[in-house]
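# Structural features, examined
Here is how the chains run, residue by residue.
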Amino acid sequence: MGWRWIILPCLAFVLLLAASGIASADRAEAHIDAPDTVRPGESVPIVLNLHHEDSALGHYVNSVKLYDGDRLLKEWTYDRSNFKKAEEWSVTYTGSFDKNTNLRAMANCNLHGGDGSSKSIVVR
């Protein structure tokens, strides 16, 4: 009878760890690839590298947004008919900047939410 008091809590802990890992793995992630410095008015590509595991008809990235501070620069939206099935993909925004810029990218999974990243660009 004493072994149950050791095994059952250990089993519950392992199941909890496994479940939390699965839930976080399905969150969408966005990472910004952009130059550190640009010249004023120079047109530069901003690449958002995206990651999302196990995309399927009812579980996919439904939006990717790129901001300059709080100002939305570009939004990509997806639904059941056009979602990305790949685990890794990218989207590109081309723009020019006249002042220092604080970019922020967000990706969102329709079931689990998402994570983003930020990057500063110095204009000189």
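Scroll up a little and you will see the structure.
These lines cover the structure that appears in this document, whether it is placed above or below. (Residues numbered from 1 in each chain as written. Predicted model: local features only at pLDDT ≥ 70, side-chain atom pairs only at ≥ 80, totals over all residues. Heavy atoms only, no water.)

## Some words on the sheet that holds strand S1 (residues 29-33)
Strand order in the open sheet made by the 3 strands is S1-S3-S6, with antiparallel pairing throughout. If you trace the sheet from one side to the other, it starts and ends with S1 and strand S6 (88-96), each paired once. Ignoring which end each strand starts from, the neighbouring axes of this sheet average 25° apart. When S1 meets strand S3 (residues 43-51), the two strands line up antiparallel, connected through 5 bridges. What sits directly across from aspartate 33, in S3, is valine 47. (Pairing = 2+ DSSP bridges. Helix = DSSP H or I, 4+ residues; strand = E, 2+ residues; numbered from the N terminus. Axes fitted to C-alpha atoms, helices over the stretch in contact; angles between N-to-C directions.)

## Focus on the environment of aspartate 54
When you line up the elements, aspartate 54 lands in the loop between S3 and strand S4 (61-68). Exposure remark for aspartate 54: the relative accessible area of 56% places this residue in the exposed category. Note: C-alpha distance between aspartate 54 and aspartate 26 (28 residues apart in sequence) is 6.9 Å. In contact with aspartate 54, not counting residues within four places along its chain, are Asp26 and His59. (Buried < 20%, exposed > 50% of the residue type's maximum accessible area, 1.4 Å probe, protein only. Contact = heavy atoms within 4.5 Å.)

## Description of the pairing of strand S8 (residues 116-123)
Of the two faces of S8, the one holding Ser117, Lys119, Ile121 and Val123 is buried and the one holding Gly116, Ser118, Ser120 and Val122 is not buried anywhere. By the bridge criterion, 2 bridges tie strand S2 (residues 37-38) to S8 in an arrangement that is parallel. Bridge assignment links valine 38 to a residue of S8, and that residue is valine 123. Two strands pair when backbone bridges link them, and strand S7 (residues 101-109) and S8 are joined in this way by 6 bridges, in the antiparallel orientation. Opposite asparagine 102, over in S8, you have serine 120 as the bridge partner. The antiparallel pairing of S7 with S8 creates a hairpin that spans 6 residues between the two strands, and glycine 113 there sits at a positive phi of about 80°.

## Here we look at the pattern of salt bridges
All chains considered together, the criterion is met by 6 salt bridges. The closest approach of N and O atoms between lysine 65 and glutamate 75, which form a salt bridge, is 4.0 Å. You can see lysine 65 sitting in strand S4 and its partner glutamate 75 sitting in strand S5 (residues 71-77), a full 10 residues away along the chain. Between arginine 71 and aspartate 68 there is a salt bridge whose closest N-O contact spans 3.6 Å. (Salt bridge = Lys/Arg side-chain N within 4 Å of Asp/Glu carboxyl O.)

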